[in-house]
Structures are given as C-alpha cells and as structure tokens.
Amino acid sequence: MSTGPRGRIHSWDLSTGVDGPGTRFVLFVAGCPLRCLYCANPDTWHMRDGRETTVDEVMTEIGKYRAFLTTAGGGVTVTGGEPLLQSAFTGELLRRCKQAGLHTALDTSGFLGARATDGLLAHTDLVLLDIKSFDLRTYRALTGGELAPTLNFATRLDRLGIPMWIRYVLVPGWTDDPKAVDGLARFVAGLDAVDRVDVLPFHKLGAAKYEALGVPYPLKDNPVPTPELTARVRAQFRAHGLSAY
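Remember, it's a predicted structure, so these values are computed and weren't measured experimentally.

**Some remarks on the pattern of salt bridges**
Taken as a whole and assessed by the stated rule, the structure comprises 12 salt bridges. Between Asp43 and Lys209 there is a salt bridge; the shortest N-O distance is 3.8 Å. Remark: Lys209 occurs in helix 8 (residues 207-213) and Asp43 occurs in the loop between strand 2 (23-29) and strand 3 (51-54); sequence separation between them is 166 residues. Take Lys209: its relative accessible area is 29%, and that puts it in the partly exposed class. Close ionic contact of Glu146 with Arg140 constitutes a salt bridge, the shortest N to O distance being 3.0 Å.

See below:
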C-alpha cells in the first residue's frame, strides 16, 4: 500500500510539441484557485470533481509509455487545474519521474508559487509559466487573482536557474494592449532563465464544456485574434530579444 501523498486528478493525455519538449505524458490535476475568463478546462476547477489517486498509480500509467517518451526526447508535464494547489502530490510525482530518468515540466500560473518548495523545484526541469496579463487591473478582472505572486515566482525561478517557457494567451480586447505587452516583454527579457515565449491565440474549443456544466461562458462573444494581431504581439516580444512563437 502506498504511504505517499494522495492527489486528485482529472485525466491524462499524450501530446507532442505543446506541453514541453518532445512527446509528453500530460497529467491534468483537479482544482484551481483562479477563474480565468478564457479557461478551456472549467471541468478541472474543483478538486472534488477529480479522481483520487496515488503517485504509485500514476507512475504505473506513465511506465507504460516510458520507453516511447524517452526515445522521443519528451517526458512528463503536470498541469491542471493548478498543480501547486496539490503541491505535496505534485512534488512527489516530479521526484519519482526524475528518479525514473524522465524530463519533468510544471505548467502553472505561478499564483501559488510560494507553495513550490525548493525540493519540488529541484526535481523540475522546466516551468511553463502562464502570465495572464502585465496590467494589474486587467489581470484581476481576467483571473480573479493578483499578478504579484506570479512575477515573484518568475524572479525566484530565474534566481534558481530553472528554465522557463512563458505562455501568454492573446485575447482581443483583454491582453492585446501594446503598452502592457511591451511591459511584460521587458520584464521577461530581464530573466536569463527564459528560453522562449509562446503567444497562444485565444480559442473557444472549451465552450461545449461550459454548456455541459451549465456554466455561462464569459467570452462566448469575444473575437479570436487575427493572424495579423498574433504576428504583431509576437514581434513585440522579439523586439526585446526574446524567442517568441
């Protein structure tokens, strides 16, 4: 019988080139403290809706794909939800993955960065850090949370030398303000540990989940970004010497 921390997970999937380098085993944990208006996974908001499991059980599932993951230059990404809401479970899972010789990635908003112990981060090869906006009021309106914890976490990761991919969801009318984008680009450019910036165009692929849950989709009438807008924002990041995609 496993005596380690138990966690609640929503699901898992395999992906390539999206959730870190190579082919990844992507674990979606349940529970998130933020309520981003564009969230594509409202079914991961509540821990109570997740399935209780152990690290041993997850490692058994990962083990089925271990040879494939290592051959493809990939590894394991823990996402959600918010993995740091279950920091003990996430930390032990990352430790076990490293022990098994797998590359590890943590996909987080950074809002709960203070819960990431040095031990957890010691077993994290890459952090996919979602910075929702660089404007304080927009961040608050968009997520229901505060920006400062995420920026503090980014600075801490940089001090520890942990590689980061910055993720920025581009939502017309919300996160496309040129001044805010430039402010974020300047901040990110000052972090030596940032490898790249992924500008992710807002989409509505999660709309059906809101309908199934009986929850209003806040941005159902919001336009998606044009290719021209996406190119402009990527160019703004590149103008600060960053690799932006």
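**Remarks on the sheet that holds strand 7 (residues 164-170)**
Judged by pairing direction, the sheet is mixed, and its eight strands sit side by side in the order 3-1-2-4-5-6-7-8 without closing on themselves. Looking at which strands have only one partner, the edges of the open sheet turn out to be strand 3 and strand 8 (194-201). When strand polarity is set aside, the average angle formed by the axes of neighbouring strands in this sheet is 30 degrees. As defined by bridge partners, strand 5 (residues 103-108) adjoins strand 6 (residues 126-130) across four bridges and the pair is classed as parallel. Opposite Asp107, over in strand 6, you have Leu128 as the bridge partner. In the packing of helix 9 (residues 227-238) onto the sheet, contacts are made with strand 7 and strand 8, and the angle to strand 8 comes to roughly 165 degrees.

**A few points about the packing of aromatic side chains**
Per the stated rule, a full pass over the model turns up seven aromatic pairs. When the centroid spacing of 4.9 Å and the interplanar angle of 15 degrees are considered together, the rings of Trp12 and Phe25 count as stacked. Taken together, the residues Trp12 in strand 1 (residues 6-16) and Phe25 in strand 2 connect sequence positions 13 residues apart. Using a relative accessible area of 32% as the deciding quantity, one classes Trp12 as partly exposed. Summarising the aromatic geometry, the rings of Trp45 and Tyr210 are spaced 6.0 Å apart at their centres and angled 80 degrees between planes, so their arrangement reads as edge-to-face. Linking Trp45 in the loop between strand 2 and strand 3 with Tyr210 in helix 8, this pair joins segments that are 165 residues apart in sequence.

**Considering the state of the cysteines**
Within this structure, the stated rule accounts for zero disulfides. Of the cysteine sulfurs around Cys39, a residue in no disulfide, the closest is that of Cys36, at 6.4 Å.

**Considerations on the nonpolar core**
In terms of nonpolar packing, the biggest core is built from 65 residues, with Ile62, Leu93, Met164 and Phe237 touching the most fellow members. With near-sequence residues (within four places) excluded, Ile62 lies in contact with Phe25, Leu69, Val76, Leu93, Cys97 and Leu102.

What counts and how
Residues numbered from 1 in each chain as written. Predicted model: local features only at pLDDT ≥ 70, side-chain atom pairs only at ≥ 80, totals over all residues. Heavy atoms only, no water. Salt bridge = Lys/Arg side-chain N within 4 Å of Asp/Glu carboxyl O. Helix = DSSP H or I, 4+ residues; strand = E, 2+ residues; numbered from the N terminus. Buried < 20%, exposed > 50% of the residue type's maximum accessible area, 1.4 Å probe, protein only. Pairing = 2+ DSSP bridges. Axes fitted to C-alpha atoms, helices over the stretch in contact; angles between N-to-C directions. Contact = heavy atoms within 4.5 Å. Phe/Tyr/Trp six-rings, centres within 6.5 Å; stacked < 30°, edge-to-face > 60°. Disulfide = S-S within 2.5 Å. Core = buried A, V, L, I, M, F, W, Y, C linked by side-chain atoms within 4.5 Å.

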